[in-house]
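Listed here are the chains, written in short residue letters.
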Amino acid sequence: MRRGRGGFYPLAWVAVALVAVAWCVQFTARASPGSIPNAPTSPLAAFEGDSPVASSSEWTLRRAPLLRRAFIERIYGAAAPIASASVEHRTIDASALERTAQLELLTLYFDVQGGAIPFQVALLTPKTGTRFPLVMLPVFCGLDRDVDARLPSPSWRPMRCRTSLGRAFTQLSHGDAILHPPFRAMIARGYAVAVFYAGDIAPDDPVLFGEAAIHQRADTQESGAIAAWASLYLSAFEALRADPRIASSQIAFWGHSRYGKAALLAAGLDPRVGAVIANQSGTFGATLSNATRGESATQIMRRFPHWFPRRSTTPDHREDAAEFDQHLLLALLAPRPVLLGNAALDRWSDPAASFAAARSASAVYALFHRAGLAQSDMRSPQLAADIAFYVRPGGHGVRSSDWDRALDFLDIHFAPSPAAAPAAPRGV
Ligand code: GTR
């Protein structure tokens with residue numbers, strides 16, 4: 001049936017009004033993230049034949065290695081750094097970002113059967129100073145699109161990154177900083193920034209990931225994409241911690257959502273990583289799978305089967321979920337600083353079940369004479385605490401305000417001396 005002009009326009013206006021209302025709700029709503037579920041078993045309790053843990057050395061030498069193995073074997077698959085025989089440096093711009101930074105392209109070479117595959121990392125360093133703290137992060141669309149047009153284009157990008165319309169829509173739906181991390185602000189605050197794009201090595205696509213170059217390595221063990229991305233964080237970490245310009249004990253991994261899961265896993269596996277900022281990392285990130293009212297383990301494994309090794313997605317894989325859950329991954333980060341960013345409308349990632357995991361993990365921080373999570377509720381972030389947690393208004397995505405908080409958090413924890421730290425952490 002043909003609709004006349006007179007009928008179409010009112011309908012179009014209704015649609016526009018609905019989109020506008022949805023957008024306002026998405027970006028401003030201060031909905032409650034819900035009640036905090038019960039804390040799971042303490043990470044210090046007996047665990048599958050291993051007796052309770054009573055000291056930091058028992059944790060470090062006995063329990064932590066056991067848990068690292070369990071996360072690899074039961075959930076994510078292998079996530080070791082990939083060795084690179086050499087690292088090539090190429091200066092792209094000695095005076096980038098309005099002459100405040102140097103932009104380089106680092107190329108690592110991963111050995112695969114029949115050759116080597118390049119893994120490229122963009123490195124921005126401030127023009128003044130030395131021994132910079134470093135923020136390491138992946139981008140969603142490619143180094144050329146999200147960092148600098150002079151950087152190489154990837155062999156594959158997700159659909160939403162292929163057109164300007166797709167990118168504009170992504171920014172509208174997922175926040176102003178989803179495709180534009182605030183590099184200038186990071187440099188201005190004295191951080192070096194290492195940026196990688198995972199799509200050439202471990203594309204976020206079920207078919208392409210199965211055929212990806214990362215599986216052609218001689219030492220390959222079965223892994224899912226989250227573990228593969230964690231390997232990329234760790235591979236770049238190995239290369240950059242050897243760089244004399246970088247303060248090797250002050251390297252922070254930042255990741256949003258799927259990359260927040262990977263950042264937490266990578267830092268959990270390598271105790272030398274200095275800090276983690278996981279933004280809305282959700283299920284198999286900072287959120288308890290067993291207590292979540294958001295995305296369940298089964299839902300995520302059905303929707304993103306390539307994120308996990310095949311053996312993890314078999315029906316009986318979650319039998320041990322009550323005892324073995326994500327609070328143990330957060331516990332593996334102790335005693336390091338961790339910032340968990342959340343959004344009130346992002347019920348799918350269930351901030352409250354992530355808060356419960358952080359509370360429970362704090363028992364391990366106590367072994368190191370640290371407080372862990374020091375705030376009593378989700379809305380009173382204490383950025384100076386070892387684990388800081390905030391809930392901002394609105395929905396899933398990355399906004400400049402998330403980055404402001406992340407950099408405030410790092411300024412406090414990576415401050416060279418108490419005098420250099422900001423006087424008071426900012427609230428939400
Ligand atoms: C969602 C997924 C989450 C999270 C997110 C993202 O659809 O269910 O677990 O990873 O995607 O990465 O944006």
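What you see is a predicted model; the values in this text were computed from it and never measured. (Residues numbered from 1 in each chain as written. Predicted model: local features only at pLDDT ≥ 70, side-chain atom pairs only at ≥ 80, totals over all residues.)

**Considerations on the overall build of the protein**
Right, so step 1: Looking only at helices and strands, one finds 13 helices and 9 strands in the protein.
Right, so step 2: Relative to its full complement of 428 residues, the protein shows a buried share of 49%.
Right, so step 3: Summarising the internal contacts of the protein: among those between residues at least 6 apart in sequence, 69% fall at separations of at least 24. (Helix = DSSP H or I, 4+ residues; strand = E, 2+ residues; numbered from the N terminus. Buried ≥ 20, exposed ≤ 12 C-beta atoms within 10 Å, placed from the backbone. Contact = placed C-beta atoms within 7 Å.)

**Here's the deal with the nonpolar core**
Right, so step 1: One finds Met136, Tyr233, Leu265, Ala266 and Val276 to be the most contacted residues of the largest nonpolar core, which totals 131 residues.
Right, so step 2: Ranked by the residues each element gives to this core, the list is headed by helix H8 (residues 225–241), at 13 residues.
Right, so step 3: With residues near it in sequence (within four places) discarded, Met136 still touches Ala194, Tyr233, Ala236, Phe237, Ile251, Ala252, Phe253 and Trp254. (Core = buried A, V, L, I, M, F, W, Y, C linked by C-beta atoms within 7 Å.)

**A look at the confidence of the model for the protein**
Right, so step 1: Averaged over all residues, the pLDDT of the protein is 90; the fraction at 70 or higher stands at 89%.
Right, so step 2: Overall, residues 418–428 carries pLDDT values under 50, and its contacts beyond four positions in sequence, including any with other chains, amount to 19 contacts. (pLDDT = per-residue confidence, 0-100.)

**Side note on the site of the ligand**
Right, so step 1: The immediate surroundings of the ligand are formed by Ser257, Arg258, Gly282, Thr283, Glu295 and Ile300.
Right, so step 2: Looking at the shell around the ligand, its residues break down into 1 nonpolar, 3 polar and 2 charged. (Near = placed C-beta within 6 Å. Nonpolar A, V, L, I, M, F, W, Y, C, P; charged D, E, K, R; others polar.)

**Let's talk about the packing of helix H2 (residues 56–76) against helix H9 (residues 258–269)**
Right, so step 1: Look at H2 against H9: their axes get within 10 Å of each other, and the N-to-C directions meet at 145°. Classified by chirality, the crossing of H9 by H2 is left-handed. Every residue of H9 that contacts H2 at Arg68, Phe71 and Tyr76 is listed here: Leu265, Gly268 and Leu269.
Right, so step 2: Looking at side-chain class alone, the contact of H2 with H9 contains 4 nonpolar, 1 polar and 1 charged residues. (Axes fitted to C-alpha atoms, helices over the stretch in contact; angles between N-to-C directions. Left-handed = near helix turned anticlockwise from the far one by under 90°.)

**Remarks on the pairing of strand S5 (residues 192–197)**
Right, so step 1: Taken across its 6 residues, S5 has 6 buried, putting it largely inside the fold.
Right, so step 2: As paired elements, strand S3 (residues 115–126) and S5 share 4 bridges and run antiparallel to each other. Counted as the bridge partner of Leu124 is Val193 from S5.
Right, so step 3: Bridging between strand S4 (residues 132–139) and S5 involves 6 bridges; their strand directions are parallel. Residue pairing in the sheet places Met136 in a bridge with Ala194 of S5. (Pairing = 2+ DSSP bridges.)

**Focus: the pairing of strand S2 (residues 101–112)**
Right, so step 1: Note that strand S1 (residues 84–95) and S2 share 7 bridges and pair antiparallel. Within S2, the position partnered with Thr91 by the bridge is Glu104.
Right, so step 2: As paired strands, S2 and S3 are joined by 12 bridges and run antiparallel to one another. Directly across from Val112, in S3, lies its bridge partner Gly115.
Right, so step 3: Where S2 hands over to S3, the hairpin turn is made up of 2 residues, of which Gly114 adopts a positive phi near 85°.

**Notes on H9**
Right, so step 1: Compared with the 16 Å implied by 1.5 Å per residue over 12 residues, the 17 Å span of H9 between its first and last C-alpha is a close match.
Right, so step 2: Where burial is concerned, most of H9 is hidden: 12 out of the 12 residues are buried.
Right, so step 3: For H9, the full list of buried residues reads Arg258, Tyr259, Gly260, Lys261, Ala262, Ala263, Leu264, Leu265, Ala266, Ala267, Gly268 and Leu269.
Right, so step 4: Contact partners of the buried residues in H9: H2, S4, H8, strand S6 (246–256), strand S7 (275–279) and helix H11 (327–331). (Expected span 1.5 Å × (residues − 1).)

**Some words on the environment of Ala198**
Right, so step 1: For Ala198, the location among the structural elements is in the loop between S5 and helix H7 (206–210).
Right, so step 2: Between the alpha carbons of Ala198 and Tyr259 there is a distance of 9.9 Å; along the sequence they are 61 residues apart.

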